Amino acid sequence: GTAYVVGRLYGAVMASWQANASWTLSATALANLRDPSALLAGTVQWEVGPSANLVASVYGGLGDAPDFSDLLAPSLGSEFGTYGVVGLLQAVVHF
């Protein structure tokens, strides 16, 4: 797994909705309550058939961005503010 939480006080919420037998939508928010900053994620899953799924996800961070104006002492700003926006497309096949 990935370890990305560096603080001590977090809050999270997740919601998922199965639109029909083939489509599922979900959203997640993970917040560092001490920064404050947050990581938002959204996912769409399509069950193509009984043994195959396509999953599209997007992740984005909110918060103060890093400050590199002083290269000898850069400032992170906030935990999730250092994240950009990342998209992911997965093809999952079960056999």
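The following paragraphs examine the structure supplied in this document. Since this is a predicted model, take the numbers as computed values, not measurements.

## As for a nonpolar patch on the surface
Together, Trp17, Trp23, Leu25, Val44, Trp46, Val48 and Leu54 make up an exposed nonpolar region whose accessible area comes to about 620 Å². Those elements that place two or more of their residues in the nonpolar patch are strand E2 (23–32) and strand E3 (37–49). Per element, the largest residue contribution to the nonpolar patch is 3 residues, and it comes from E3. Owing to a relative accessible area of 33%, Trp46 belongs among the partly exposed residues under this scheme.

## Quick look at the sheet that holds strand E1 (residues 10–18)
Pairing between the strands of a sheet comes from backbone hydrogen bonds, and it takes one of two forms, parallel or antiparallel. The strand order E1-E2-E3-E4-E5 describes an open sheet built from 5 strands, whose pairing is antiparallel. Each edge of the open sheet is held by one strand with a lone partner, namely E1 and strand E5 (85–93). Strand-to-strand twist of the sheet, defined as the mean angle between neighbouring strand axes without regard to direction, takes the value 10°. Here E2 runs beside E3; their pairing, made up of 10 bridges, is antiparallel. The residue of E3 that forms the bridge with Leu25 is Val44.

Cut-off values and rules
Residues numbered from 1 in each chain as written. Predicted model: local features only at pLDDT ≥ 70, side-chain atom pairs only at ≥ 80, totals over all residues. Heavy atoms only, no water. Patch = residues over 30% accessible without salt bridge, like charges linked within 9 Å, V, L, I, M, F, W, Y side chains within 5 Å. Areas by Shrake-Rupley, 256 points an atom, 1.4 Å probe, with all protein chains shown as cover. Salt bridge = Lys/Arg side-chain N within 4 Å of Asp/Glu carboxyl O. Helix = DSSP H or I, 4+ residues; strand = E, 2+ residues; numbered from the N terminus. Buried < 20%, exposed > 50% of the residue type's maximum accessible area, 1.4 Å probe, protein only. Pairing = 2+ DSSP bridges. Axes fitted to C-alpha atoms, helices over the stretch in contact; angles between N-to-C directions.

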